Amino acid sequence: MEESPLVTVVTAVYCPVSAGRTDVFREMIASVAELGKYCSVEHWIQDGGSQDGSMDLYQEYRGQIHLESAPDGGIYDAMNKASFAASGKYLVFLNSDDFYHDPRALAELVAELEETGADYAFAPVRRIRSNGKEEVRPVKLYSIFGRMPYCHQTLIVKKSCFEEMGGYDTAFRILGDYDFALRLYLGKKSFVCGKKAEPHRQSKLHESFDILKGAAQKGITRNGPQFFARFTGNGILHRMKNF
């Protein structure tokens, strides 16, 4: 009997060929394949029903990816479909125009989740722009009631925890990842941060995970909930009302 993969990398995608993202899509696929050298990986491509020739692109990686293609209700619906059907113990979400420069640190962070039994992990981000300038966006859990406290690409979550939380709320067109992070926090799910930097690139913006030990704090950014409510109705405020 074939052993289940430890990690499922979920990539929601739609029409990468017509969007001019073929090259970066290939880099993304290659970086996930590199991750497979350090831990067992399933790469789930959830396509939204592309009819622009993208299916031919995906078929080049037959045997390397798990592909599903069907219309969906948006990116969060697509990620839910893949996540609920995934075989991995842990879920990682990688956009179709992102890729990891050095996946070894991600594998080490997964190993730390295995060691501690925590529900999820995340990390600060160092951004290296095309002009070579570096900047660090640290994790700020105390700001979670006013903004996303960490880059969503750094999230690694147990599939069982994701399912328990009901996945992403598809009522959100944007900020569904922030809503999910908020629910993890309000639900008092256990978390860890890693010890080692993990290079990562997002589109034209180079990023790496500066993974540090951290502890959660509570706080409210002035007018933060009201700001996000303008985009999400009362969804975010509803999560907070019984906190």
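Residues numbered from 1 in each chain as written. Predicted model: local features only at pLDDT ≥ 70, side-chain atom pairs only at ≥ 80, totals over all residues. Heavy atoms only, no water.

A. Focus on the overall build of the protein. Counting secondary structure elements, the protein contains eight helices and twelve strands. Put simply, the protein has 243 residues, and 49% of those count as buried. Long-range contacts, defined here as pairs at least 24 residues apart, represent 72% of the contacts in the protein between residues at least 6 apart. Just so you have it, the protein exposes about 11700 Å², and 48% of that area is on carbon and sulfur atoms. (Helix = DSSP H or I, 4+ residues; strand = E, 2+ residues; numbered from the N terminus. Buried < 20%, exposed > 50% of the residue type's maximum accessible area, 1.4 Å probe, protein only. Contact = heavy atoms within 4.5 Å. Areas by Shrake-Rupley, 256 points an atom, 1.4 Å probe, with all protein chains shown as cover.)

B. Representation of the pattern of salt bridges in the model. Within this structure, the stated rule accounts for seven salt bridges. One salt bridge in this structure joins glutamate 114 and lysine 89, with 2.6 Å as the shortest N-O distance. In this pair, glutamate 114 sits in helix α4 (residues 104–116) while lysine 89 sits in the loop between α3 (75–85) and β4 (90–93), placing the two residues 25 residues apart along the sequence. We classify glutamate 114 as partly exposed; its relative accessible area is 36%. (Salt bridge = Lys/Arg side-chain N within 4 Å of Asp/Glu carboxyl O.)

C. Region of the structure containing empty space enclosed by the protein. The full count for this structure, using the stated rule, is one cavity of 30 Å³ or more. Here the largest cavity is characterised by a volume of approximately 30 Å³. Together, Met148, Tyr150, His152, Leu155, Tyr168, Asp177, Phe180 and Ala181 line the largest cavity. Within the lining of the largest cavity, the residues separate by chemical class into six nonpolar, one polar and one charged. (1 Å grid on protein atoms, 1.4 Å probe; cavity = no way out; pocket = protein on both sides within 12 Å on 5 of 7 lines; lining within 4 Å. Points joined across faces, edges and corners; volume = space filled by probe spheres on them. Nonpolar A, V, L, I, M, F, W, Y, C, P; charged D, E, K, R; others polar.)

D. Spatial organisation of the sheet that holds strand β9 (residues 156–158). Within the open sheet, the seven strands sit side by side as β3-β2-β1-β4-β9-β6-β10. Their pairing is mixed. This sheet does not close on itself; its edge strands, each paired only once, are β3 (66–69) and β10 (191–192). As paired strands, β4 and β9 are joined by three bridges and run antiparallel to one another. Bridging across to β9, leucine 91 finds its partner in valine 157. Contacts from α3 reach β1 (7–13), β2 (41–47) and β4, with the element oriented near 150° to β1. Where α4 meets the sheet, it contacts β1, β4, β6 (120–121), β9 and β10, and its direction lies at approximately 35° from that of β9. (Pairing = 2+ DSSP bridges. Axes fitted to C-alpha atoms, helices over the stretch in contact; angles between N-to-C directions.)

E. Structural detail: the pairing of β1. Of all seven residues that make up β1, seven are buried, and the element is covered over most of its length. The side-chain alternation of β1 yields two buried faces, one formed by Val7, Val9, Thr11 and Val13 and the other by Thr8, Val10 and Ala12. Here β1 runs beside β2; their pairing, made up of seven bridges, is parallel. Bridge pairing in β2 places valine 10 opposite tryptophan 44.

F. Structural view of the confidence of the model for the protein. Taken as a whole, the protein shows an average pLDDT of 80; of its residues, 76% reach a score of 70 or greater. Highest mean pLDDT in the protein belongs to helix α5 (residues 159–164) (98); lowest belongs to strand β12 (residues 205–209) (32). Note on residues 195–243: pLDDT under 50 across the span, and 132 contacts to partners over four residues away in sequence or across chains. (pLDDT = per-residue confidence, 0-100.)

G. Focus on the nonpolar core. With 31 residues, the main nonpolar core has Phe93, Tyr150, Leu155, Val157, Tyr168 and Leu184 as its most contacted residues. Considering every element that reaches this core, the biggest residue donor is helix α6 (residues 176–186), with seven residues. Dropping the residues within four chain positions of it, valine 157 is found in contact with Lys89, Tyr90, Leu91, Phe93, Asp119, Tyr120 and Phe162. (Core = buried A, V, L, I, M, F, W, Y, C linked by side-chain atoms within 4.5 Å.)

H. Spotlight on the packing of aromatic side chains. The final tally for this structure, using the stated rule, is 14 aromatic pairs. Each ring, one from phenylalanine 25 and one from tyrosine 61, has its centre 6.5 Å from the other, and the planes form 65°; the classification is edge-to-face. Taken together, the residues span a long stretch of sequence, with phenylalanine 25 in helix α1 (residues 22–35) and tyrosine 61 in the loop between α2 (54–59) and β3 at a distance of 36 residues. According to the relative accessible area criterion, phenylalanine 25 is buried, its value standing at 0%. What makes tyrosine 61 buried here is its relative accessible area of 13%. Centroid distance phenylalanine 162 to tyrosine 168: 5.5 Å. Interplanar angle 75°. Geometry classified as edge-to-face. Judged on exposure class, the residue phenylalanine 162 and its partner tyrosine 168 are both buried. One aromatic cluster is present, built from ring pairs that chain together Tyr76, Phe84, Phe93, Phe162, Tyr168 and Phe180. (Phe/Tyr/Trp six-rings, centres within 6.5 Å; stacked < 30°, edge-to-face > 60°.)

I. Structural context of the pairing of β3. In the sheet, β2 pairs with β3 via four bridges, with the strands oriented parallel. Its bridge partner being in β3, glutamine 46 is matched across the sheet by glutamate 68. Since β2 and β3 lie parallel, the crossover through α2 that links them has a hand, and here it is right-handed. (Right-handed = clockwise from strand over helix to strand, strands pointing away.)

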